[in-house]
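Per-entry structural report
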Amino acid sequence: MSATAAPSSPHVMNTYGRLPIALSHGQGCRVWDTEGRAYLDGLGGIAVNTLGHNHPELVPALQDQIAKLIHSSNYYHVPGQERLATKLTELSGLTNAFFCCTGLEANEAALKLARKFGHDKGIERPEIVVYEAAFHGRSIATLSATGNPKVQQGFGPLVEGFIRVPLNDIDALKKATEGNPNVVAVFFETIQGEGGIHPMRWEYLRQVRELCDQRDWLMMIDEVQCGMGRTGKWFAHQWAGIKPDVMPLAKGLGSGVPIGAVVAGPRAANIFGPGNHGTTFGGNPLAMRAGIETIRIMEEHKLLENSANVGAHLKAALERELGGLAGVTEIRGQGLMLGIELDRPCGVILNRACEAGLLLSVTADSVIRLVPPLILSIAEADEIVAILAPIVKAFLEEPRK
């Protein structure tokens, strides 16, 4: 770290445990801090910066849009909304989209959709199945759907109407809902992000789809972190060959410009009517241009294939360097969404990696998370391993605290 005084934000609410750096600019998969030090970006703004930094095609497109119209409000038609919605429905096989600003808002909208779906069927107190270790956001409703007591602590009473079940256990799901006429939806992440990079098994996804069809439930898949090409398909659930009824998106959809979306199929697309839901900033022309251009660039540069290929290379390299070590519980994930679980809390690795020039995160206390830009190269993947592996090895050799 620089010998100069660390950046501080004394007038900003103290809601984050920040590292003692401030970033200044970026290029590709690298960023620089205000002291001029370079870092390899293995975090991508937490799975947001799909195209990396200062992309030569995205930046001019956004500059062009800023010079035309940034915001107009949803009193009027926004042509970019229809363009982006058309593209998202083509990629997903669904039919309609609603645009907002964040993943939290997209998930909140999905929960409202499920409740209104129930009320429209005459269910007075709808209930939604959610999962252990899930993370869906920090509003009161999405916090209630989240499966992390640590982030819920201090914010009760939580919203009622959720039934929590373990991952990948169809019998547990059936048992938890048996004979309950109030269940209206099952809500989950295909691969849990904040919960520690825990994937749903493809066969389990197919079983849940079948159960939802049998019982007239909405299947709602939170693809906020694992969607938009991160696993090598547009949406992670597509590996299982299924379609959801409701699919919240955000993060990588705008390559850094705040954007969220709820994409819905025929069973859910017409649940909301005018006045049932809305947003001030959502769907603004700048965000829509960011989404349109992100998808165009991803297609033209074959970034889904890159995510799959470079991700497989990175995972294999991590397994080769770390897989057999005592203290490494599992290396899991798909594409460029990978987690290295250790058998002990490892938050200090966040700081040590930063000091070594690599940005990443530690989630669920003991899982090192890598979600780099989808433009990551094989050489940069090897560089991640070259920096990270010695740090993990040295950490595991230290006495447990």
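One can find the structure itself at the top, above this paragraph.
These notes cover the structure that comes with them. (Residues numbered from 1 in each chain as written. Predicted model: local features only at pLDDT ≥ 70, side-chain atom pairs only at ≥ 80, totals over all residues. Heavy atoms only, no water.)

1. Observations regarding the pattern of salt bridges
- Applying the stated criterion to the full structure yields 26 salt bridges.
- Among the ionic pairs, E90 bridges to K87, the shortest N-O distance being 3.8 Å. In this pair, E90 and K87 both sit in helix α3 (residues 79-92), three residues apart, roughly one turn of the helix.
- Under the relative-accessibility criterion, E90 is labelled exposed at 55%.
- For K87, a relative accessible area of 24% corresponds to the partly exposed category. (Salt bridge = Lys/Arg side-chain N within 4 Å of Asp/Glu carboxyl O. Helix = DSSP H or I, 4+ residues; strand = E, 2+ residues; numbered from the N terminus. Buried < 20%, exposed > 50% of the residue type's maximum accessible area, 1.4 Å probe, protein only.)

2. A short note on a nonpolar patch on the surface
- Where nonpolar side chains cluster on the molecular surface, the patch consists of I140, F155 and L158 and spans about 260 Å² of accessible area.
- By the element assignment, I140 lies in helix α5 (residues 140-145). (Patch = residues over 30% accessible without salt bridge, like charges linked within 9 Å, V, L, I, M, F, W, Y side chains within 5 Å. Areas by Shrake-Rupley, 256 points an atom, 1.4 Å probe, with all protein chains shown as cover.)

3. Overview of the packing of aromatic side chains
- Inspection of the entire model under this criterion finds three aromatic pairs.
- Ring geometry for Y75 versus Y76: centroids 6.3 Å apart, planes at 65 degrees, classification edge-to-face.
- According to the relative accessible area criterion, Y75 is exposed, its value standing at 76%.
- On the accessibility criterion, Y76 (53% relative accessible area) is exposed.
- Where Y131 meets Y204, the ring centres are 6.4 Å apart and the plane angle is 90 degrees; that geometry is what we call edge-to-face. Remark: Y204 occurs in helix α8 (residues 202-215) and Y131 occurs in strand β5 (residues 127-131); sequence separation between them is 73 residues. The pair formed by Y131 and Y204 is uniform in burial state, with each residue classed as buried. (Phe/Tyr/Trp six-rings, centres within 6.5 Å; stacked < 30°, edge-to-face > 60°.)

4. Quick notes on the packing of helix α10 (residues 303-322) against helix α12 (residues 378-397)
- At their nearest, the axes of α10 and α12 sit 10 Å apart, and the two run at 25 degrees to each other. In this view, α10 runs roughly parallel relative to α12, as classed from their interaxial angle. When you trace α10 past α12, the crossing you get is right-handed. Residues V310, H313, L314, A317, L318, E321 and L322 of α10 lie in contact with α12, whose contacting residues are I378, A381, D382, I384, V385, L388, A389, V392 and K393.
- Of the residues contributing to the contact of α10 with α12, the split by class is twelve nonpolar, one polar and three charged. (Axes fitted to C-alpha atoms, helices over the stretch in contact; angles between N-to-C directions. Parallel < 35°, antiparallel > 145°, perpendicular 65-115°, else oblique. Left-handed = near helix turned anticlockwise from the far one by under 90°. Contact = heavy atoms within 4.5 Å. Nonpolar A, V, L, I, M, F, W, Y, C, P; charged D, E, K, R; others polar.)

5. Side note on the pairing of strand β7 (residues 183-189)
- Of all seven residues in β7, seven are buried, a share of seventy percent or more.
- Sheet topology note: the β5/β7 ladder contains three bridges and is parallel. Paired with I128 across the two strands is A185, which belongs to β7.
- In this sheet, strand β10 (residues 218-222) lies alongside β7 in parallel orientation, the contact comprising five bridges. (Pairing = 2+ DSSP bridges.)

6. Considerations on α12
- For α12, built from 20 residues, the straight-helix expectation of 28 Å at 1.5 Å per residue is met to within 8% by its first-to-last C-alpha distance of 29 Å.
- Maximal helix bending in α12 amounts to about 25 degrees, located at L388; proline P390 follows within four positions.
- Those residues of α12 that sit buried are E380, A381, I384, V385, I387, L388, A389, I391, V392, F395 and L396. (Expected span 1.5 Å × (residues − 1). Bend = angle between axes of the 7 residues up to and from the residue.)

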